[in-house]
Amino acid sequence: MRRHKTAEFVIVPTIAVVFICFYAPIIWTIFISFTRSGMFPSYSFSGLMQYWRLVGTERWHTAFLNMFVFGVLFVGFALILGFLLAVALDQRIRFEGFFRTVLLYPLSMSFIVTGLAWQWLLNPAMGLQHLVREAGWDNFLFDWIIRPDRAIYTIVLAAVWHSSGLVMAIILAGLRGVDRDIWRATQVEGIPRWRTYLSIILPLLRPVVLTCVVLLIINVVRSYDLVVAMTNGGPGNATDVPGKFVIDMAFERANIGQASAAAVIMLLTVIAAVMPYFYLETRRTGR
Amino acid sequence: MQYSRSLLFTIAICSTIGAMGPASAQTADVLHYWTSGGESAGMKVFADAFKTRGGTWIDSAVGGYDDARASALSRIAGGNPPSALLDNIGDVQALAEQGVLSPLDPAAAAAATAHMPGFLMSKVSREGKVFAIPVDIGQANWTWYSTKAFHDIGAPPPATWDEFFVDAKKLKEKGYIPLAFGGQPWQQAGLFYNIMLSVGRDFYKKVLVDRDVTAAGGPEMVKTFETMRKLTAYVDPGSPGRKWNDAANLVITNKAAMQVMGDWAKGEFIAAGLTLGKDYDCALAPGTQDAFLMVVDLFDFPTVTAPEMVKGQKLLRDVLIDPAVQVAFSKVKGSLPSRLDVDVSGLDSCLQKGEKILADPQAQVPNFEFVFTADEEGQVKDLVSKFWSDPGMTAVDAARQFSQIVGETSK
């Protein structure tokens with residue numbers, strides 16, 4: 001009984017904080033998205049007006065679509081590259097500690113710094129393209145960052161550079177935890193190493209990979225700083241993302257209603273993406 | 001022990017600061033975003049004049065307009081408003097409508113109305129009350145050009161955009177970037193409004209002041225977008241995302257021939273040690289010789305209650321409207337004073353050129369801040385920015401979308 005009381009004592013403030021800091025603002029935002037709030041919140045109901053406007057806004061379409069393009073490519077490439085790097089480091093190479101540090105280093109930088117560095121690197125007038133041309137290849141062309149149809153891929157490039165080290169570190173830790181006997185058994189059976197990695201080790205590492213996916217997806221949904229630093233949504237609004245759209249609407253344009261509607265759509269998207277995962281996980285563990 | 005001592009110390013400091021506030025009789029808490037060289041020097045002119053008259057100046061500087069605005073709105077909403085706010089003209093009536101601004105007293109209001117451009121004052125007034133004091137009038141339709149570049153092609157700076165397109169080919173042959181430009185939405189919009197003004201002053205006013213939807217989607221608007229499309233061929237590949245001052249630097253270093261930018265660009269040339277009239281010069285933006293495209297900095301005054309804040313607010317208004325202070329401020333800031341009755345003979349040739357145009361009320365043309373809300377202006381930026389970077393978008397289509405923005409807002 002006593003222990004029960006203690007538990008309650010600890011949990012109640014936590015629930016209160018979670019409610020006040022997380023759920024109350026969410027509910028408030030949903031409410032505001034149904035009003036005509038401009039510079040200040042107003043509480044007169046105006047139906048789905050904000051959502052209709054959002055649906056008709058081309059910039060929102062671009063931003064929303066970009067989240068998926070960026071998300072799929074970023075998570076995919078970061079996972080593949082991170083896994084390959086981890087496997088490479090797992091081959092008992094020399095100076096492993098050195099390589100591990102080097103590959104993990106990008107992660108120590110904020111997205112703002114990453115974005116600025118890549119913005120300069122990719123700027124055709126002073127970055128990579130300029131350098132190669134100076135070196136003699138006059139026709140070298142790498143101007144993706146200024147092409148509306150390609151710029152989003154440069155963001156993927158920078159994000160993968162930033163995050164694949166993290167995936168590598170987590171998967172490497174997983175690889176080190178694999179039972180030695182499994183390796184011995186596959187050697188006795190004469191199974192090629194690549195086959196062992198693909199068909200035995202990878203399935204074993206399922207929870208580790210899932211952790212990576214969740215961490216990466218969080219970065220996708222909250223992507224804002226990288227885009228702001230690298231292209232600021234440009235050229236035009238080709239690299240806009242929902243996070244930036246919401247912030248621009250709320251602060252620069254003093255349109256809280258529109259910002260709230262966009263934020264609610266973001267929330268719904270996340271729920272839609274996370275639900276199947278939760279469903280599968282809870283069913284698997286039988287809770 | 002160490003901990004509690006430092007805690008005591010903190011409490012002592014805090015209570016000292018707390019006690020300092022109410023002790024003085026006139027206090028102004030000024031929220032602004034002027035943190036760069038010329039700007040903060042300008043703010044210091046006001047602060048010094050205010051202190052000389054016995055006031056206590058609390059400087060709440062927040063870097064960047066958007067952040068300052070966010071800070072101001074949350075302070076107002078949170079019941080702790082600043083006593084003065086450096087603001088954009090488009091916000092004044094919206095804030096006044098919300099009832100969070102306190103109007104000028106009749107004497108100050110009369111002085112402002114009598115000596116500042118009428119159109120300007122109409123935009124900061126509501127129901128017969130004046131809610132803001134403009135402190136300067138900038139001009140956005142300037143061309144800043146490299147005298148060397150135009151000397152090399154043996155031509156004067158272009159008086160029209162058609163002339164520019166002829167010059168631009170020659171400039172390209174000589175290795176110059178014809179137009180120094182940064183592909184940021186606000187710069188794209190700035191260029192857009194300048195082109196619109198070059199198509200016709202009356203057309204510009206019809207669209208922005210009268211909100212004429214037909215004109216906003218008509219042949220003149222199509223021409224505006226077509227000219228803009230042509231210009232995309234005369235900027236360099238490094239332009240997307242470039243800051244305006246980096247673009248100015250291209251002209252400073254004679255890599256580019258000219259930049260279309262407001263009078264604040266002059267500060268960059270001065271800071272680089274160049275001489276006006278020798279290394280660089282100003283000309284009115286192509287096709288806009290008959291207009292003064294106004295950009296205004298102003299203060300508005302959120303309602304405060306503490307007696308010393310109310311007194312401080314009144315003193316601050318007297319300072320801001322004082323002709324002597326305005327001239328001192330203009331010299332530092334590099335723009336024209338908002339009062340038309342002050343002596344500008346000490347100001348440079350560009351400003352004097354501008355002052356002559358400004359004297360004609362017909363020539364006074366408002367920039368977007370006068371007429372668009374932040375939300376509407378955001379839509380214009382989205383449109384113009386998309387048009388600039390998407391060659392597949394036609395001028396006709398862009399004009400149609402522009403008229404929708406103008407029409408939607410007049411509802």
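The present account deals with the structure reproduced in this document. (Residues numbered from 1 in each chain as written. Chains lettered and ligands numbered in written order. Predicted model: local features only at pLDDT ≥ 70, side-chain atom pairs only at ≥ 80, totals over all residues. Heavy atoms only, no water.)

### Considerations on the overall build of chain A
And step 1. Looking only at helices and strands, one finds 13 helices and 0 strands in chain A.
And step 2. The linear arrangement of helices and strands in chain A, starting from the amino end, is α-α-α-α-α-α-α-α-α-α-α-α-α.
And step 3. Across the 287 residues that make up chain A, the buried fraction comes to 38%.
And step 4. Here the contacts in chain A between residues at least 6 apart in sequence split such that 68% fall between residues at least 24 apart.
And step 5. Surface summary for chain A: the accessible area is close to 16,500 Å², and the carbon and sulfur share equals 71%.
And step 6. Taken together, the 24 basic and 16 acidic charged side chains of chain A have centroids lying 9 Å from each other. (Helix = DSSP H or I, 4+ residues; strand = E, 2+ residues; numbered from the N terminus. Buried < 20%, exposed > 50% of the residue type's maximum accessible area, 1.4 Å probe, protein only. Contact = heavy atoms within 4.5 Å. Areas by Shrake-Rupley, 256 points an atom, 1.4 Å probe, with all protein chains shown as cover. Lys, Arg positive; Asp, Glu negative; His and termini not counted. Charge placed at Lys NZ, Arg CZ, Asp CG, Glu CD.)

### Examining the nonpolar core
Residue and element names in this part refer to chain B.
And step 1. Counting 141 residues, the largest nonpolar core has L191, Y193, V207, F225, F299 and F402 as the members making the most contacts within it.
And step 2. Two domains each donate at least three residues to this core, and these are domain 1 (2-137 + 296-351) and domain 2 (142-293 + 364-409).
And step 3. Other than its neighbours up to four places away in sequence, F299 contacts V30, M43, F46, A84, L85, L86, F131, A132, I133, V135 and L320. (Core = buried A, V, L, I, M, F, W, Y, C linked by side-chain atoms within 4.5 Å. Domains from an automatic or database assignment.)

### Describing the packing of helix α5 (residues 111-122) of chain A against helix α7 (residues 151-176) of chain A
Residue and element names in this part refer to chain A.
And step 1. Two numbers describe how α5 lies on α7: the axes approach to 10 Å, and their chain directions differ by 130°. Comparing their axes, α7 and α5 come out oblique. As α5 packs across α7, the resulting crossing turns out to be right-handed. Of the residues in α7, those touching α5 at F111, T114, W118 and L122 are T154, L157, A158, W161, H162 and S163.
And step 2. Residues belonging to the contact of α5 with α7 are distributed by class as follows: 6 nonpolar, 4 polar and no charged. (Axes fitted to C-alpha atoms, helices over the stretch in contact; angles between N-to-C directions. Parallel < 35°, antiparallel > 145°, perpendicular 65-115°, else oblique. Left-handed = near helix turned anticlockwise from the far one by under 90°. Nonpolar A, V, L, I, M, F, W, Y, C, P; charged D, E, K, R; others polar.)

### Focus: the environment of Y280 of chain B
All names here are of chain B.
And step 1. Along the chain, the position of Y280 falls in strand β10 (residues 280-284).
And step 2. Residue class for Y280 comes out buried when judged on its relative accessible area of 2%.
And step 3. With 29 residues separating them along the chain, Y280 and V251 place their C-alpha atoms 8.3 Å apart.
And step 4. For Y280, the residues in contact, after removing those within four places along its chain, are W144, Y145, T147, K266, F269, I270, L274 and T275.

### Comments concerning the pairing of strand β6 (residues 132-139) of chain B
In summary, the side chains of a regular strand alternate between the two faces of the sheet.
Residue and element names in this part refer to chain B.
And step 1. Of all 8 residues in β6, 8 are buried, a share of seventy percent or more.
And step 2. As defined by bridge partners, β6 adjoins strand β11 (residues 292-300) across 7 bridges and the pair is classed as antiparallel. By the bridge assignment for β11, Q139 is matched with M294.
And step 3. Across 2 bridges, the pairing between β6 and strand β12 (residues 336-337) is antiparallel. The residue bridging I137 from the neighbouring strand is L336, located in β12. (Pairing = 2+ DSSP bridges.)

### A closer look at the packing of aromatic side chains
Two descriptors summarise a pair of aromatic rings, namely the distance from one centre to the other and the angle between the planes of the rings.
All names here are of chain B.
And step 1. Here the structure, examined in full by the defined rule, presents 33 aromatic pairs over all chains.
And step 2. Considering the side-chain rings of F181 and W388, the 4.7 Å spacing of their centres and the 45° angle between planes classify their relative orientation as tilted. Residue F181 is located in the loop between β8 (177-179) and α9 (185-199), and its partner W388 is located in helix α19 (residues 374-389); the two are separated by 207 residues in the primary sequence.
And step 3. With relative accessibility at 5%, the residue F181 sits in the buried group.
And step 4. A relative accessible area of 11% places W388 in the buried class.
And step 5. An aromatic cluster is defined as three or more aromatic residues linked by ring pairs; in this entry it consists of F192, Y193, F225, F368, F387 and F402.
And step 6. Here the basic side chain of R229 rests over the ring of F387, its NZ or CZ set 4.0 Å away from the ring centre. (Phe/Tyr/Trp six-rings, centres within 6.5 Å; stacked < 30°, edge-to-face > 60°. Lys NZ or Arg CZ within 6 Å of the ring centre and 35° of its normal.)

### Some remarks on the state of the cysteines
When the sulfur atoms of two cysteines share a covalent bond, that bond is a disulfide.
All names here are of chain B.
And step 1. For the structure shown, the criterion picks out 1 disulfide over all chains.
And step 2. Across the disulfide, C282 is cross-linked to C350 (sulfur-sulfur distance 2.1 Å). Residues C282 and C350 are joined through a disulfide that is left-handed, its torsion about the S-S bond being -110°. Highlighted residues: C282 in strand β10 and C350 in helix α17 (residues 349-358), separated in sequence by 68 residues.
And step 3. A relative accessible area of 3% places C282 in the buried class.
And step 4. Accessibility expressed as a relative area gives 2% for C350, which makes it buried. (Disulfide = S-S within 2.5 Å.)

### What about the interface of chain A and chain B?
And step 1. Contacts between the two partners involve 19 residues from chain A and, on the opposite side, 23 residues from chain B.
And step 2. Both sides together, the interface formed by chain A and chain B hides about 1,900 Å², and carbon and sulfur atoms give 55% of it.
And step 3. Linking chain A to chain B there are 5 salt bridges.
And step 4. The shortest N-O distance in the salt bridge between R53 of chain A and D375 of chain B comes to 2.8 Å.
And step 5. Linking chain A with chain B are 9 residue pairs in polar contact (both at pLDDT 80 or more).
And step 6. Of all the elements in the fold, those that place two or more residues in the side of chain A that touches chain B are α3 (58-89) and α12 (242-252) of chain A. (Buried area = accessible area lost by both parts, 1.4 Å probe. Salt bridge = Lys/Arg side-chain N within 4 Å of Asp/Glu carboxyl O. Polar contact = N/O pair within 3.5 Å; in protein donor to acceptor, adjacent residues only side chain to side chain.)

### Concerning unusual backbone geometry
And step 1. Unusually for a residue other than glycine, N232 of chain A sits at a positive phi of about 50°.
And step 2. Position of N232 of chain A relative to the elements: it lies in the loop between α11 (225-230) and α12.
And step 3. According to the relative accessible area criterion, N232 of chain A is partly exposed, its value standing at 40%.
And step 4. With phi around 60°, N254 of chain B is a residue other than glycine that occupies positive phi space.
And step 5. Along the chain, N254 of chain B turns up in the loop between α13 (244-252) and β9 (256-261).
And step 6. Exposure remark for N254 of chain B: the relative accessible area of 28% places this residue in the partly exposed category.

### Considerations on α9 of chain B
And step 1. Over its 15 residues, α9 of chain B extends 21 Å from the first C-alpha to the last, a length consistent with the 21 Å expected when each residue adds 1.5 Å.
And step 2. Among the residues of α9 of chain B, Q187, Q188, A189, L191, F192, Y193, N194, I195, M196 and L197 of chain B are the ones counted as buried. (Expected span 1.5 Å × (residues − 1).)

### Side note on the sheet that holds β8 of chain B
Residues and elements named next belong to chain B.
And step 1. One open sheet holds the 4 strands; their spatial order is β8-β9-β7-β10, and the pairing between them is mixed. Looking at strand neighbours, the two that pair on one side only are β8 and β10, the edges of this open sheet. Averaged over all pairs of adjacent strands, the angle between strand axes in this sheet comes to 20°, irrespective of strand direction.
And step 2. Relative to β9, β8 runs parallel, the two sharing 2 bridges. Across the sheet, residue L179 finds its bridge partner in β9, namely M258.
And step 3. Sheet strands in contact with α17 are β7 (142-146) and β10, and its direction is about 155° off that of β7.

Nothing here speaks to function; it is geometry throughout.
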